[in-house]
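Understanding the architecture of this molecule
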Amino acid sequence: MTDTQPAPRQIPPSIEKILRRFATLSPDMTRQALVQYANRLPPLPEHLRGVDLEQYRVHECQTPVAIFPEVVDGKMYYHAEVPRESAAIRALLAMIFDAVNGQPPETVIAIPPDFVREVMGKIGLSAREAGLTAMVERLKRAARIAVRERDAVREPDAA
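Here goes a summary of the coordinates provided. (Residues numbered from 1 in each chain as written. Predicted model: local features only at pLDDT ≥ 70, side-chain atom pairs only at ≥ 80, totals over all residues. Heavy atoms only, no water.)

1. Let's talk about the nonpolar core
Ranked by internal contacts, the top residues of the largest apolar core, which has 47 residues, are Tyr 78, Leu 93 and Phe 115. Counting only elements with at least two residues in this core, the list comes to helix H1 (13-23), helix H2 (27-38), strand E2 (75-81), helix H3 (87-100), helix H4 (105-109), helix H5 (115-120) and helix H6 (129-158). Among the elements that line this core, the one with the most residues is H3, at 11 residues. Setting aside residues up to four positions removed in sequence, Tyr 78 forms contacts with Ile 67, Phe 68, Pro 69, Phe 97, Val 100, Asn 101, Val 108, Leu 139, Ala 142 and Ala 143. (Core = buried A, V, L, I, M, F, W, Y, C linked by side-chain atoms within 4.5 Å. Buried < 20%, exposed > 50% of the residue type's maximum accessible area, 1.4 Å probe, protein only. Helix = DSSP H or I, 4+ residues; strand = E, 2+ residues; numbered from the N terminus. Contact = heavy atoms within 4.5 Å.)

2. Things to note about the packing of H2 against H3
At their nearest, the axes of H2 and H3 sit 7 Å apart, and the two run at 75° to each other. Regarding the angle of H2 to H3, the classification is roughly perpendicular. Touching Leu 34, Tyr 37 and Ala 38 of H2 are Ala 87, Arg 90, Ala 91, Ala 94 and Met 95, all from H3. Here the residues of the contact of H2 with H3 are counted per class, giving seven nonpolar, no polar and one charged. (Axes fitted to C-alpha atoms, helices over the stretch in contact; angles between N-to-C directions. Parallel < 35°, antiparallel > 145°, perpendicular 65-115°, else oblique. Nonpolar A, V, L, I, M, F, W, Y, C, P; charged D, E, K, R; others polar.)

3. Here's the deal with the layout of surface pockets
For the largest pocket, the calculated volume is near 170 Å³. Together, Ser 14, Lys 17, Ile 18, Arg 21, Tyr 37, Arg 40, Met 95, Asp 98 and Ala 99 line the largest pocket. Listing elements by their share of the lining of the largest pocket, those giving two or more residues are H1 and H3. By residue number, the principal contributor to the lining of the largest pocket is H1, which donates four residues. (1 Å grid on protein atoms, 1.4 Å probe; cavity = no way out; pocket = protein on both sides within 12 Å on 5 of 7 lines; lining within 4 Å. Points joined across faces, edges and corners; volume = space filled by probe spheres on them.)

Shape descriptors only; they carry no functional weight alone.
Below, the structure written as structure tokens:
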């Protein structure tokens, strides 16, 4: 008998740590943790200021959010432009960036599809879940592109 389902993906330790932390928090403690994370989102680096934000916008999100992916020495780095008053978005991006910046793209790709629900589900953000999940998907898309580009560079050597 063959199993037709793919093997479950290993969740990266940095992402697992976030999921474990939020699984144990009450709704009030979840809100407090999110406020702390929101305050930790770094400002846009100097080299990205003045870049056309429109090409980096996450259009599925009601809030004007721009996410800037970069690959440096095979590692992913993300930056974002998010309004100061958008605490939930700032928190989500700050925690993910903290967990994945400086990691290989596969770390980002392995973020579970229910990450947003697992982290923020207790505080009634279901109306915002689609936009927040779209942001995570945008991060994953950039990571998949980075993997394809990396592998394309390696392929000629195999020929």
